[in-house]
Amino acid sequence: MGSFHLGAMTLGSLFKKPETLRYPAETKPPYAGQKGHVVNRVEDCILCSKCQKVCPCHCITVDKAARTWTIDPYLCIQCSSCIDACPKDCLSMDPAATPIASSKHDITLSIPETEKS
């Protein structure tokens with residue numbers, strides 16, 4: 001009985017779409033809820049540094065004097081605590097994976113000056 005089941009599986013796989021992908025030519029779309037990397041919309045950021053205070057791995061640095069927001073994506077554990085703490089909702093989690101890099105680097109974003117009315 002086992003050989004009949006194996007034969008049916010073998011014949012069935014000849015006519016079905018393959019289960020595997022030809023990576024890197026083909027990639028799977030990210031599934032819903034996948035945590036990839038933190039993204040900051042700099043036009044909404046007020047440099048309150050709440051994200052820096054709640055980050056458990058201390059990968060976010062906010063410099064108010066230089067008006068920069070820096071994250072080390074290799075230290076980030078994608079816990080989303082910075083996203084929950086942001087009062088302006090300028091942080092979000094992009095489901096795409098962090099791009100492959102040949103060297104370790106920080107991502108530094110410059111926050112533009114806001115116009116006061």
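Structure's up top.
A. Spatial organisation of the overall build of the chain. When helices and strands are tallied, the chain shows 3 helices and 5 strands. Its helices and strands in sequence order give the chain the pattern α-β-α-β-β-α-β-β, from N to C terminus. Relative to a compact globule of 117 residues, whose C-alpha radius of gyration would be 13 Å, the chain shows 22 Å and is clearly more extended. With the C-alpha coordinates of the chain rotated into their principal frame, the extents come out at 75 × 30 × 30 Å. Considering only contacts in the chain between residues 6 or more positions apart, those separated by 24 or more positions represent 68%. Carbon and sulfur atoms provide 58% of the accessible area of the chain, an area that totals close to 8,900 Å². Taking the 13 positively charged and 12 negatively charged side chains of the chain as two groups, their mean positions are separated by 5 Å.

B. Inspection of the nonpolar core at higher detail. Formed by 18 residues in total, the largest nonpolar core has its most connected members in Val38, Cys51, Ile60, Trp69, Cys82 and Leu91. Put simply, the parts of the chain that give this core at least two residues each are strand S2 (60–63), strand S3 (68–71), helix H3 (81–85) and strand S4 (91–94). Dropping the residues within four chain positions of it, Ile60 is found in contact with Cys51, Gln52, Cys55, Trp69, Thr70, Ile71 and Cys82.

C. Spotlight on a nonpolar patch on the surface. Side chains of Leu11, Leu14 and Phe15 sit close together on the surface and give an oily, nonpolar patch of about 400 Å² of accessible area. When you line up the elements, Leu11 lands in helix H1 (residues 2–15).

D. The pairing of S4, seen in detail. Across the two faces of S4 the burial differs, with Leu91 and Met93 buried and Ser92 and Asp94 not buried at all. Where strand S1 (residues 37–40) meets S4, 4 bridges bridge the pair, whose relative direction is antiparallel. Across the sheet, the residue bridging to Val39 is Ser92, located in S4.

E. Region of the structure containing the pattern of salt bridges. By the definition in use, this model includes 2 salt bridges. As a salt-bridge pair, Asp44 and Arg41 come within 3.1 Å of each other at their nearest N and O atoms. The exposure class assigned to Asp44 is partly exposed, which follows from its relative accessible area of 31%.

F. Representation of the environment of Ala85. Structurally, Ala85 is set in helix H3. A residue is classified by how much of its surface remains accessible, and Ala85, at 22% relative accessible area, is partly exposed.

G. Structural view of unusual backbone geometry. At Ser49, a position not held by glycine, the phi torsion is positive, near 65°. In this model, Asp89 sits at a positive phi of 55°, which is unusual for a non-glycine residue. Tracing the backbone shows Asp89 in the loop between H3 and S4.

H. Fine view of the sheet that holds S3. One open sheet accounts for 3 strands, arranged S2-S3-S5; its pairing is antiparallel. Looking along the sheet, the strands with just one partner apiece sit at the ends: S2 and strand S5 (107–110). Neighbour to neighbour, the strand axes of the sheet diverge by 15° on average, direction disregarded. Bridge analysis of S2 against S3 gives 4 bridges, and the strand direction is antiparallel. Its bridge partner being in S3, Val62 is matched across the sheet by Trp69.

Conventions used here
Residues numbered from 1 in each chain as written. Predicted model: local features only at pLDDT ≥ 70, side-chain atom pairs only at ≥ 80, totals over all residues. Heavy atoms only, no water. Helix = DSSP H or I, 4+ residues; strand = E, 2+ residues; numbered from the N terminus. Rg over C-alpha atoms; globule rule 2.2 N^0.38 Å. Contact = heavy atoms within 4.5 Å. Areas by Shrake-Rupley, 256 points an atom, 1.4 Å probe, with all protein chains shown as cover. Lys, Arg positive; Asp, Glu negative; His and termini not counted. Charge placed at Lys NZ, Arg CZ, Asp CG, Glu CD. Core = buried A, V, L, I, M, F, W, Y, C linked by side-chain atoms within 4.5 Å. Buried < 20%, exposed > 50% of the residue type's maximum accessible area, 1.4 Å probe, protein only. Patch = residues over 30% accessible without salt bridge, like charges linked within 9 Å, V, L, I, M, F, W, Y side chains within 5 Å. Salt bridge = Lys/Arg side-chain N within 4 Å of Asp/Glu carboxyl O. Pairing = 2+ DSSP bridges. Axes fitted to C-alpha atoms, helices over the stretch in contact; angles between N-to-C directions.

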